[in-house]
Amino acid sequence: MPTEERTTSRAATRRLRRDAEANRQQILEAAGRLMAERGLATPLEDIAAAAGVGIATLYRRFPSREELVEALFEDRLAAYLADLETAAAMPDGWQALTWYLRSASARQVADRALKELLEHDPGHGTVSRLLERLWPLAETLVERARATGRLRRDFTVVDLVFVQQMLASIGTATLPLNATAWERYLTIVVDGMVTSRRDATPPGQPALTVAQLEALHANRASQPGQPRYCAR
């Protein structure tokens, strides 16, 4: 092949690679935006359209939904794990637990897909390995909080998981009204986790009115149900 043709071929290859990487980033940005709002089951066709590419291009970059999810959420789960590591290193076990509970709940309220990813087994790749690393740190966090004498003795790491899920679900449900409404229930739950308390802690957030609750129910009833996340 003549030198000029080889040079042209290399330039074309580099351009194709740049285009492929640009498409990949556009897909990841669109997926992150839509999945944070709608959840992991967001139709891939919607993601491709938002990214400005065809569905065939999306599948070339990410042959399965699982691969797209792993590429998108590895960094988000890493940040979630970093919060747990930060809490585990705090000197006061009780403050570490309550700080983590607030931080973890806030992340899930802000990102519906992250919430779903933490609740459902996504497969056996990077995401699963990160999730497996959460357990020993969470157990240590609960043990240290109990050792302070402030956390009730019968509180377990499984209780921590369900409290997080409950707060994240409340946050997701009340998001249309108030992005921080869930913090009221965090305060109430934390009061219930303490071994003893003379007075109830002021919740900081007002209780929702009956009218607001009815409006939330009406809003959910008007929206089509989302299918449960499936890796493929």
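Residues numbered from 1 in each chain as written. Predicted model: local features only at pLDDT ≥ 70, side-chain atom pairs only at ≥ 80, totals over all residues. Heavy atoms only, no water.

1. Remarks on helix α6 (residues 112-119)
Three- or four-residue spacings in an α-helix give side chains the same orientation, since the helix completes a turn every 3.6 residues.
Then comes step 1: Looking at α6, one finds that the buried residues are A113, L114, K115, E116 and L117.
Then comes step 2: N-cap assignment for α6: the residue whose side-chain oxygen lies 3.2 Å from the backbone N of A113 is D111. (Buried < 20%, exposed > 50% of the residue type's maximum accessible area, 1.4 Å probe, protein only. Helix = DSSP H or I, 4+ residues; strand = E, 2+ residues; numbered from the N terminus. Polar contact = N/O pair within 3.5 Å; in protein donor to acceptor, adjacent residues only side chain to side chain.)

2. Side note on the nonpolar core
Then comes step 1: Within the largest apolar cluster, 54 residues are counted, with the highest numbers of intra-cluster contacts made by M35, I47, L68 and M193.
Then comes step 2: For this core, the secondary-structure elements that each account for two or more residues are α1 (3-38), α2 (44-51), α4 (65-88), α5 (93-110), α6, α7 (126-147), α8 (157-174) and α9 (182-193).
Then comes step 3: Tallying contributions element by element places α4 first for this core, with nine residues.
Then comes step 4: Ignoring sequence-local partners within four residues, the contact set of M35 consists of L40, T42, I47, R65, L68, V69, L72, F73, D111, R112 and A113. (Core = buried A, V, L, I, M, F, W, Y, C linked by side-chain atoms within 4.5 Å. Contact = heavy atoms within 4.5 Å.)

3. Considerations on the confidence of the model for the protein
Then comes step 1: Per-residue confidence for the protein gives a mean pLDDT of 85; residues scoring 70 or more make up 86%.
Then comes step 2: Looking over the protein, one finds the lowest element-wise mean pLDDT in α1, namely 75, and the highest in α2, namely 96. (pLDDT = per-residue confidence, 0-100.)

4. Comments concerning α4
Then comes step 1: When the terminal C-alpha atoms of α4 are compared, their 33 Å separation across 24 residues agrees well with the 34 Å that a helix rising 1.5 Å per residue should span.
Then comes step 2: Maximal helix bending in α4 amounts to about 45°, located at F73. (Expected span 1.5 Å × (residues − 1). Bend = angle between axes of the 7 residues up to and from the residue.)

5. Here we look at the side chain of R184
Then comes step 1: Structurally, R184 can be placed in helix α9.
Then comes step 2: This buried residue, R184, is left without a salt bridge; D191 holds the nearest opposite charge, at 11 Å.
Then comes step 3: Within polar-contact distance, the side chain of R184 engages the backbone oxygen of Q205 at 2.7 Å.
Then comes step 4: The residues contacting R184, other than those within four sequence positions of it, are P203, Q205, P206 and A207. (Lys, Arg positive; Asp, Glu negative; His and termini not counted. Salt bridge = Lys/Arg side-chain N within 4 Å of Asp/Glu carboxyl O.)

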